[in-house]
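# What the coordinates show
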Protein chains: 4
Amino acid sequence: MNITNQKIEISLAPDLKIGGENIILMLGPCSVESYAQTHAIARLIHQLGLRVIRGGAFKPRTSPDSFQGLGEEGLKILRKVADEFDLLVVSEALGVEQLPLVAEYVDIIQIGSRNMQHYPLLWAVGELDKPILLKRGFMSTVDEWLAAADHIASRGNQKIILCERGIRTFETSTRNTLDTNSIAHLKINSPFPVMGDPSHATGRTDLVIPAARAALAAGADGLLVEIHPKPEEALSDGVQSLNLEQAKDLVVQTTRLAEAMRRGIA
Amino acid sequence: MNITNQKIEISLAPDLKIGGENIILMLGPCSVESYAQTHAIARLIHQLGLRVIRGGAFKPRTSPDSFQGLGEEGLKILRKVADEFDLLVVSEALGVEQLPLVAEYVDIIQIGSRNMQHYPLLWAVGELDKPILLKRGFMSTVDEWLAAADHIASRGNQKIILCERGIRTFETSTRNTLDTNSIAHLKINSPFPVMGDPSHATGRTDLVIPAARAALAAGADGLLVEIHPKPEEALSDGVQSLNLEQAKDLVVQTTRLAEAMRRGIA
Amino acid sequence: MNITNQKIEISLAPDLKIGGENIILMLGPCSVESYAQTHAIARLIHQLGLRVIRGGAFKPRTSPDSFQGLGEEGLKILRKVADEFDLLVVSEALGVEQLPLVAEYVDIIQIGSRNMQHYPLLWAVGELDKPILLKRGFMSTVDEWLAAADHIASRGNQKIILCERGIRTFETSTRNTLDTNSIAHLKINSPFPVMGDPSHATGRTDLVIPAARAALAAGADGLLVEIHPKPEEALSDGVQSLNLEQAKDLVVQTTRLAEAMRRGIA
Amino acid sequence: MNITNQKIEISLAPDLKIGGENIILMLGPCSVESYAQTHAIARLIHQLGLRVIRGGAFKPRTSPDSFQGLGEEGLKILRKVADEFDLLVVSEALGVEQLPLVAEYVDIIQIGSRNMQHYPLLWAVGELDKPILLKRGFMSTVDEWLAAADHIASRGNQKIILCERGIRTFETSTRNTLDTNSIAHLKINSPFPVMGDPSHATGRTDLVIPAARAALAAGADGLLVEIHPKPEEALSDGVQSLNLEQAKDLVVQTTRLAEAMRRGIA
């Protein structure tokens, strides 16, 4: 084991930490589709007093014939709107060969669920000095997830944020099953900040806010939530994206719950 | 389908409903072991301002050589201490042949997870005029769970309380996986009150309160929680039982969260 | 543990054992629908040189509005055609209260998958002197399955035939996942004869014969297979029933495989 | 969809095809550990009349502190002993960046279970003119598996061999659950040859041969089996490796079954 024993707070910006008192909301589109779409989202994020925008530029898709993201163009859009509104960017690197490009534009590098055990990528981000948002493999145990974090840590980088995004079970009424037990367990028994992703964990707009509340109540230090100005026109994941009004409601509801937990929202 | 379309509030006592504003906490031992044990628990429940005691008299156990409960003696103890402290009793009926006996002592009849698809028992409780707490089969889908409720309703009884108690998945760090998605889904899309059982869903004392919070935040109308004066001496499920101090903390924490959800605790 | 350590061969008739050299094919309809249907099937079974007919009289159905079987009338039909062709009958008892009735008509009593942990029923069949076909719970581990057998054995009856009928997994292209590992494991490491049910394990006619071959090759002592003169008109499970021509092909193919395994078919 | 509709036979050598009459046994060590170990195995493979050796050079391991394989040195050993005994080599490429190296030494390139959805690697092997052995993700559906094959085919390479290696389920008595249904299903309904890996699918030496028989009986065109001269000293996966005597027995038993299926072994 190369993982530290001590609780880690990770500095995202000089005035923003994850793993401490504040719960960090990271909102944004599944895929970056255009400047206009991303700008509208970023403006809302800024208005809501939040600090991080999420968005996909390279999209891992089950079918090779689906939209694969805008690539570098998507990263440029993310960076531009983020700078305009003083936001941080979280986005996924799909492979080792893309990592230098992604690292140039992005503040927090996401490892996707399908790549949680792609060890060459874990080793490569282990040599960076950036926070890594490590999504749980949808088929991985908590122990395997920590072992993946250990692969990253073995190369020197301990700035690891774990993100529960739902696991595959027999249940089919939701896209995945949000494992709030794992959030509670890792918050207590691992050194890392833990987030929840209620969008992928439910796959249904009507359940995103309740699942966000559940993740938060289980102890999550952050939430990763897909929002879109017009979910019905989204190129990917529209059925699980909140629209901008719903995004405001998310902030209202999580703020109330956070206060009950003696925490804040940022 | 024999299930009503309208949201159901179930009256548990003249002044106590489930499915309305108040979240109902049902605390008690896994197994009724003795009068003294049950009395100590009932007194605490009363002191905390709660109204329902749970407890097992007939225990379905994986091995035939494990403690199978006190049987009718256990029911008598439950009834006696409940009457002393003006509490309601929830307890499980294991089979059709036991039902008359259990119904004599118990206010809310529990159908256990292993019996969720034992149809003769569903039909039999469908002919009673008592609330039925229907636990989810630990590997049953939400649709199968609702179909089980439909078996009960088909005989006339719509007083059904659904209870999510964790499902079986590949994850082994917890006894089961609490499916908070199903709580959120059924609260929105079914007519029935929905509860959560954080004790069976985690199997670990350190996770019971966080899981209780998660269930509540997902929208649960009630919680079923195992408590014991001396968990380390319990004849069953000691590793997941809260002691009496922890039970108090559970009430404090859930009260705060309930207020953030604009609800109360009873 | 109340289970014997020694390999058990169970005598089904004076000249027919399960757990020995011969692999026993138990064919028949999902539900007994009429005398004519059952008679046609029984005649074919007899012509194929087989000795056991399966058929459901009391059907556990997910929805209360589905066909629930002919009940006692179904048992009478089964017994009548079985006697005409000198066959043995295997059929399910759904609950303790039905058991005396079922035991009157049936040679081998089946405990269904949903009832594998309905302990009162296990205790009741444990007091009979008849072979019990114990289906694996679709959500039960091998250890829990053996513990269920232990519940039966604890009351004195060791004539237990285990039947793997597929488990619930994330895979949806088949109704269940046939766990051939469990057949191999129990054949080697338990005292009981082990069967496979390729009909429920696949839920698709095109896969029933390959799955039957796989179960047999893994070491099964018997197969339970649904057949129907006109599967497209069956009142239940038509999509997984073989027609009578396919039933003949099943016997041809399994006979060849059995010979390669130095066994026979009966 | 970029996948052809027609059944594919893949030429492995001028006189060796997979997907046709012969069932191809691919035996070898989990990890290449030394020249002596690999040479002993290759000699046995040759003596048994088989044509392919499997072996790992780059090993994806859950923990970063486990043995990660000999790397290029392992590939050199494999090539050397394979050439001495006129065998073909199958070995895994862990990432895009390794692919040129692996392709230089190896005849059939394996994509491991953890990488089944690592799309950059799928695209890269899609541009090669070599057979690709695509292992099923241990928690991937059949549809996702075919979509992964589609990613390869989308770049031009249709020489894809599917390999079922067991899926993750709730069952813990075996390492994974061999999904023989998927072998039967894909053999009938996909264009590709299908193999089974009874070593990973069971994780237990005592079950490897029965599981090999089951895969073959379900319709497999090949088997991938771990063998080792001294399993108890293996640096990885010793508990599921056959020793050389057991390897001979595997060939004897599968040859008999193959004949019953009107096929041969190569």
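Anything mentioned here points back to the structure above.
A short tour of the structure in this document, coming up. (Residues numbered from 1 in each chain as written. Chains lettered and ligands numbered in written order. Predicted model: local features only at pLDDT ≥ 70, side-chain atom pairs only at ≥ 80, totals over all residues. Heavy atoms only, no water.)

The next thing to look at is the interface of chain D and chain A. Tallying the contact residues gives 30 residues for chain D and 30 residues for chain A. Each partner contributes to the roughly 2500 Å² buried at the junction of chain D and chain A, and carbon and sulfur atoms together form 53% of this total. Counting every contact that joins chain D to chain A gives two salt bridges. Across the pair Arg 168 of chain A and Glu 144 of chain D runs a salt bridge whose closest N-O atoms are separated by 2.5 Å. One can count 19 residue pairs in polar contact (both at pLDDT 80 or more) joining chain D with chain A. Grouping the constituent residues of the side of chain D that touches chain A by class yields 11 nonpolar, 12 polar and seven charged. (Contact = heavy atoms within 4.5 Å. Buried area = accessible area lost by both parts, 1.4 Å probe. Salt bridge = Lys/Arg side-chain N within 4 Å of Asp/Glu carboxyl O. Polar contact = N/O pair within 3.5 Å; in protein donor to acceptor, adjacent residues only side chain to side chain. Nonpolar A, V, L, I, M, F, W, Y, C, P; charged D, E, K, R; others polar.)

Residue and element names in this part refer to chain B. Side chains of strand 7 (residues 132–135) alternate between two faces, with Ile 132 and Leu 134 and Leu 133 and Lys 135 buried alike. When strand 6 (residues 108–111) meets strand 7, the two strands line up parallel, connected through three bridges. By the bridge assignment, Ile 109 is partnered in strand 7 with Ile 132. Pairing between strand 7 and strand 8 (residues 160–164): four bridges, direction parallel. For Ile 132, the partnering residue across the bridge sits in strand 8 and is Ile 160. Regarding topology, helix 5 (residues 142–153) serves as the crossover connection from strand 7 to the parallel strand 8, and that connection is right-handed. (Buried < 20%, exposed > 50% of the residue type's maximum accessible area, 1.4 Å probe, protein only. Helix = DSSP H or I, 4+ residues; strand = E, 2+ residues; numbered from the N terminus. Pairing = 2+ DSSP bridges. Right-handed = clockwise from strand over helix to strand, strands pointing away.)

On to the interface of chain B and chain A. Counting residues at the interface gives 40 residues for chain B and 40 residues for chain A. Interface area lost by chain B to chain A is led by Phe 170, Asn 181 and Arg 256 of chain B, which between them contribute 21%. At the boundary of chain B with chain A, the tally comes to two salt bridges. Residues Arg 136 of chain A and Glu 171 of chain B are paired through a salt bridge, measuring 2.7 Å at the closest nitrogen-oxygen approach. Counting across the interface, chain B meets chain A through 12 residue pairs in polar contact (both at pLDDT 80 or more). Among the secondary structure elements, those contributing two or more residues to the side of chain B that touches chain A are helix 6 (180–189), helix 7 (198–202), helix 8 (205–218) and helix 9 (244–260) of chain B. When residues of the side of chain B that touches chain A are assigned to their parent elements, the largest contribution, eight residues, is made by helix 8 of chain B. For the side of chain B that touches chain A, the per-class residue count stands at 18 nonpolar, 13 polar and nine charged.

The subject of this paragraph is the relation of the copies chain B and chain A. With an RMSD of 0.0 Å, the operation that places chain B on chain A is a rotation of 180° combined with a shift of 0.0 Å along the axis. The symmetry that links the two subunits is that of a two-fold axis. Nearest to the rotation axis, the C-alpha of Ala 214 of chain B is located 2.1 Å from it, this being the minimum over chain B. (Least-squares fit on C-alpha atoms with pLDDT ≥ 70 in both.)

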